[in-house]
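Observations on chain architecture
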Amino acid sequence: MPQAILPEIKGIKQVPLEEYYVPGHRTCAGCGPALVYRLVAKAAGPNTIFVGPTGCMYVANTSYGCTPFKVPWIHAQITNGGGVAAGIEAAFKVMRRKGKTDQDPHVIVMWGDGGATDIGLTSLSGALYRNHDVLFICYDNESYANTGIQTSPTTPYGAWTTFTPAGPVVPEGKNLWPKDNPKLVAGGHPTLKYLATASLAFTIDLMNKVRRGLNAQGPAYIHVHAPCPKGWTFPSNQTMEMAKLAVDTGMYLLYEVVDGEFRVTWKPRRRKPVAEYLKAQGRFDHLAPEHVEKIQAWVDRRAEEVGLPAVLPPVE
Ligand SMILES: Cc1ncc(C[n+]2csc(CCOP(=O)(O)OP(=O)(O)O)c2C)c(N)n1
Ligand code: SF4
């Protein structure tokens, strides 16, 4: 099947009813990354091959000996999602050139943050640099989740993980600031056709960004904020609220970069204090007021850079 231009979804009524990520997988109740997968698969449609580097969205989805994917899917190492995807894309290109196939599938990598921003960053960067027509999606649950919640480069400052427990020596738990992978990718890859950040709470925006990334006919990167109830310790029926709160507080910023042009895609009317987000999750329970202030100052600085409104005091 040749690639067709995927149209913008203008409202909820235009969301395709077809599912390509179907019921039956061992993800946690309320798993954010599982919902991201479902929406990505829905937006991409049947002419798609998924690459699944090791992480929850490989292990939890395929244990044991089955998958919820209605389209072709292949496992990759956590280190080499870029290489595997590039190989698939190049193989189809050669086979088309030789007249051996007329198939031109979308190739999408669904990478965890540990993979995409840490252990697999070399392979991501290499594939982006070599101009492969692949959409790279990082579902960001802000930890190495599948191995039992260890810190990754996107784990926020102050978050508890099993590798960053809070204690007398390091009272804030994690004491490093997160790596800004979208910025890193956007700043360093001249071949990049499309880049976006997206959130599970903005489902239609997320699906449209997936379609723009696929329509771009070249390397694209989408970083999706995907709350993890197990790792962040919040009730499993609050995943969407948590995703929305991240955007409303400015902890997570929504924007896209098309052919080098930067555009903010969502501005909250007023920014909520970041404390509202932090107090909703057990992973931040140990934080002292000075840590919360430090995080607020960091959020303010980043939000000002992209022109988001100031924090107003909470309405009592
Ligand atoms: C080269 C290599 N190192 C370590 C592991 C162990 N491992 C399996 S799953 C996983 C966590 C992956 O984290 P992430 O990419 O953030 O995805 P998540 O589990 O959070 O969905 C790790 C480190 C591995 N499979 N391969
Ligand atoms: S640990 Fe987190 S990412 Fe993994 S399946 Fe559970 S909710 Fe999903």
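This report concerns the structure included in the present document. Note that the coordinates shown come from a computational prediction; the quantities given were computed from them, not determined experimentally. (Residues numbered from 1 in each chain as written. Chains lettered and ligands numbered in written order. Predicted model: local features only at pLDDT ≥ 70, side-chain atom pairs only at ≥ 80, totals over all residues. Heavy atoms only, no water.)

1. A short note on the overall build of the protein
Assigned secondary structure in the protein consists of 11 helices and 8 strands. A globule of 316 residues ought to have a C-alpha radius of gyration of about 20 Å, and the protein, at 19 Å, matches this closely. With respect to the principal axes defined by its C-alpha atoms, the protein has extents near 65 × 40 × 40 Å. Burial status across the protein gives 53% buried among its 316 residues. Restricting the contact set of the protein to residue pairs at least 6 apart, pairs at least 24 apart contribute 71%. (Helix = DSSP H or I, 4+ residues; strand = E, 2+ residues; numbered from the N terminus. Rg over C-alpha atoms; globule rule 2.2 N^0.38 Å. Buried < 20%, exposed > 50% of the residue type's maximum accessible area, 1.4 Å probe, protein only. Contact = heavy atoms within 4.5 Å.)

2. With respect to the pattern of salt bridges
For the structure on display, the rule yields 14 salt bridges. Salt-bridge contacts for K93 lead to E89; the nearest nitrogen and oxygen are separated by 3.6 Å. Here the residue K93 and the residue E89 both occupy positions in helix 3 (residues 81–97), the gap between them amounting to 4 residues, near one helical turn. For E89, a relative accessible area of 9% puts it in the buried group. Shared partners join several salt bridges into a network, and the residues in it are E8, R212, E256 and R263. (Salt bridge = Lys/Arg side-chain N within 4 Å of Asp/Glu carboxyl O.)

3. So, the site of ligand 2
Taken together, T27, C28, C31, P33, C56, N141, C228, P229 and K230 make up the full set of residues adjacent to ligand 2. Grouping the amino acids of the shell around ligand 2 by side-chain chemistry returns 6 nonpolar, 2 polar and 1 charged. (Near = heavy atom within 4 Å. Nonpolar A, V, L, I, M, F, W, Y, C, P; charged D, E, K, R; others polar.)

4. Focus: the site of ligand 1
With respect to spatial proximity, 16 residues lie near ligand 1, and among them C56, G114, G115, Y139 and N146 are the closest. At a separation of 2.9 Å, an oxygen atom of ligand 1 approaches a polar backbone atom of C56. With 3 residues, the single largest contributor to the shell around ligand 1 is helix 4 (residues 113–119). Of the residues in the shell around ligand 1, the class split is 5 nonpolar, 10 polar and 1 charged. (Polar contact = N/O pair within 3.5 Å; in protein donor to acceptor, adjacent residues only side chain to side chain.)

This is a description of form; function is not addressed.
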